[in-house]
Every structure is written in structure tokens, then in C-alpha cells.
Amino acid sequence: MNDQGTSAEPAAAAVAVPEAVSALGEQDGARAGGRRAALAPVALVVAGGLSVQFGSAVAVLLMPKAGALGVVTLRLAAAALVLLVVCRPKLRGHSRADWGTVVAFGLAMGGMNTLFYQAADRIPLGAAVTLEVLGPLALSVFASRRLVNVVWAGLALGGVLLLSGGGFDRLDPVGAAYALGAGAMWAAYIVFSARTGRRFPQADGLALAMVVAAVLSLPLGIMESGSKLLVPSTLGLGAAVALLSSVLPYTLELMALRRLPAPTFAILMSLEPAIAATAGFLVLDQALSTTDALAIALVIGASMGAVRSQVRGARKV
């Protein structure tokens, strides 16, 4: 009996060890998969930010030809056309609340674009985005239920203020006011983008909201620019701005907001001034100072902290 027991123990151990190793491997794989799942929406937000800010730099180049309101009209109309063709959203089967959410999303989107381009027409791109990002930062503070998000928002706000050079008194006050208004619309955009993503499949809600925004901007663009909007070169640049600044980033952000808490998304928006400054340097030949670089480092540090908080939250789940 003792011989049988002794021989059975190594056999059991031989079976148990591979199973234990396999279980550990599965746990490590699950952890790695959890990290990737948590970081995926963050990557979508960053990619969207890169696209929208470089698209904004191209839009600044287009403004002398089409005007600020004309650029908004070209951007939204072209984006709406592309999304309608690609998504082919269904018009039936939606509740009144669904349509109310889409209309509110479209209003926020149209207001955000119109106010921002009015600001970019009067003040530098980096300053405009710096002021605009205060809207998402405020949202992250008011909407967050975790103290750590308030800390990261505060650090990002410090970077934003440093990027402003300590004050905005040297800027056109009308342009600064437009940028702040765009920030308020940006906060509303985040809220209604998340709600639209939950109510509509794929990017259907985004396509419908883009149509609302385009219809609202069309009269303003026609009044300001008229036949200038039909010049082939202007149309081509407008289509490029639409793809870079609307179709691609809004789709990526809509996908991200389905899996990312709005406060964390809002803090990640603090990367936008850094991206805008980079786009301004590369496309518009706007140089960066040492203070700007330090401000960008603070903003990126805050965003990295928000990412780590998101990953830790995913691990606990």
C-alpha cells in the first residue's frame, strides 16, 4: 500500500504541475487581455485627437479662401455625406427620446465646430484649443465620482494654464470668448456622444447627428462665403478637413465612449492642446517655447495618470 501511495503521489504531482502552470498562464493572459481591453478605447481617443488637430491646422489654411463659417459648412456637410453613404442609418424604429438625443448631439457638434473656428480665425490654434479644453476638464471634475480624477484634472488644468503663458489678456477677447463657448459645447458633445452611442448601433447616431449639424451650419456658410464654397480646390481641402476633423475622430470617439467613462474621456481631452501645438508647429510653422514644452509634459502626465486609473479600474472589475 505504501509503495502504491508513494508512486501515486509523483504521478499526481506530474499532472498537477502542468495544470498549475497552465492556470497561471491563463491568469497572465487574462490580465494582459484586460490591460489591452482597457487601453483600446484610450488609443482610439488619442488617434482621434491626432486626426482632429491636424485637420484643424489644414482648416486654418483654408479659412482665407472660404471663411471660418464656410469651412465649418464644408466640413460638416462633407462629413454628413460620407457617413450617410457608409452607415446608411435606419430612420424607423427609434423612440422620441432617441431622436431627442441625436438632435442634441447634432446641436452640440454644430455649436462646437462653429464657435471653435470663429476662435481659430481670431487667435492662434494652440491658444484656442487650450481655452476650449477647459470645458472637458470642468466636466471631468463635476461628473467624476473618484477623487483621483479630480487630481488628474487639476494637474492637466495647471498644464493648460501654463500653456496659456500665465494669462489670456493679450488675446482677442472675442476670440477667447468663442473658444470658451466651444469648450462648453465640447463638454455637451461628450455627454450626448456617449448617450447616442448607447442608443444607436454602430455609427448610425453619429451620421444622423452630423446631418443635423450640417443643416444648421449650411445657411451661415452660404451667407458668408456663397459661391466660394464651390471652387474645386476649396471643395477638395474641405473634404480633407471633413475626413480628418469629423468623420475619423468622431467615429473613434463614439466607439471609445461606449467603453470609457466620461470623466476619464474628458481628462484625456487635455492632450488636445499638446497635439494642437505640435500640429501648429508642423503645419503652420508655429514654434514651441520651453514653457510650452513644460506645459505639454504636465498635460501628458495628467493623461497618463487617467489611463492608469482606467486600467486599474478594469482590473478590479
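These numbers come from a predicted model, not from an experiment.

### Some points on the overall build of the chain
Link 1 in the chain: Within the chain one finds 12 helices and 0 strands.
Link 2 in the chain: Moving toward the C terminus, one meets the helices and strands of the chain in the order α-α-α-α-α-α-α-α-α-α-α-α.
Link 3 in the chain: Looking at the 317 residues of the chain, the share that counts as buried comes to 46%.

### As for the packing of aromatic side chains
Link 1 in the chain: Evaluated as defined, the whole model comprises 2 aromatic pairs.
Link 2 in the chain: Consider the rings of Phe105 and Tyr189, whose centres lie 5.4 Å apart with planes at 40°: the pair is tilted. Of this pair, Phe105 sits in helix α3 (residues 96–120) while Tyr189 is found in helix α7 (residues 173–199), placing the two residues 84 residues apart along the sequence.
Link 3 in the chain: Here Phe116 and Tyr117 contribute two aromatic rings whose centre-to-centre distance is 5.6 Å and whose plane-to-plane angle is 65°, an arrangement assigned as edge-to-face.
Link 4 in the chain: Look at Tyr117 and you get buried, because its relative accessible area is 0%.

### Here we look at the packing of helix α4 (residues 125–132) against α7
Link 1 in the chain: Closest axis-to-axis distance for the α4/α7 pair is 7 Å, and the angle between their directions is 45°. Considered as vectors, α4 and α7 are oriented oblique to each other. For the pair α4 and α7, the crossing hand works out as right-handed. Note on element contacts: α7 touches α4 through Ala176, Ala179, Leu180, Ala182, Gly183 and Trp186, opposite Ala128, Leu131 and Glu132.
Link 2 in the chain: Class assignment for the residues of the contact of α4 with α7 results in 7 nonpolar, 1 polar and 1 charged.

### Re helix α8 (residues 204–225)
Link 1 in the chain: Counted at 1.5 Å a residue, the expected span for α8 with its 22 residues is 32 Å, and the 30 Å between its end C-alpha atoms agrees.
Link 2 in the chain: At Ser217, α8 shows its maximal kink, close to 35°; a proline, Pro219, follows between one and four residues later.
Link 3 in the chain: Those residues of α8 lying buried are Asp204, Gly205, Leu206, Ala207, Leu208, Ala209, Met210, Ala213, Ala214, Ser217, Gly221 and Ser225.
Link 4 in the chain: Following α8 by one or two positions, Gly226 adopts a phi angle in the positive range, close to 55°.

Rules used throughout
- Residues numbered from 1 in each chain as written.
- Predicted model: local features only at pLDDT ≥ 70, side-chain atom pairs only at ≥ 80, totals over all residues.
- Heavy atoms only, no water.
- Helix = DSSP H or I, 4+ residues; strand = E, 2+ residues; numbered from the N terminus.
- Buried < 20%, exposed > 50% of the residue type's maximum accessible area, 1.4 Å probe, protein only.
- Phe/Tyr/Trp six-rings, centres within 6.5 Å; stacked < 30°, edge-to-face > 60°.
- Axes fitted to C-alpha atoms, helices over the stretch in contact; angles between N-to-C directions.
- Parallel < 35°, antiparallel > 145°, perpendicular 65-115°, else oblique.
- Left-handed = near helix turned anticlockwise from the far one by under 90°.
- Contact = heavy atoms within 4.5 Å.
- Nonpolar A, V, L, I, M, F, W, Y, C, P; charged D, E, K, R; others polar.
- Expected span 1.5 Å × (residues − 1).
- Bend = angle between axes of the 7 residues up to and from the residue.

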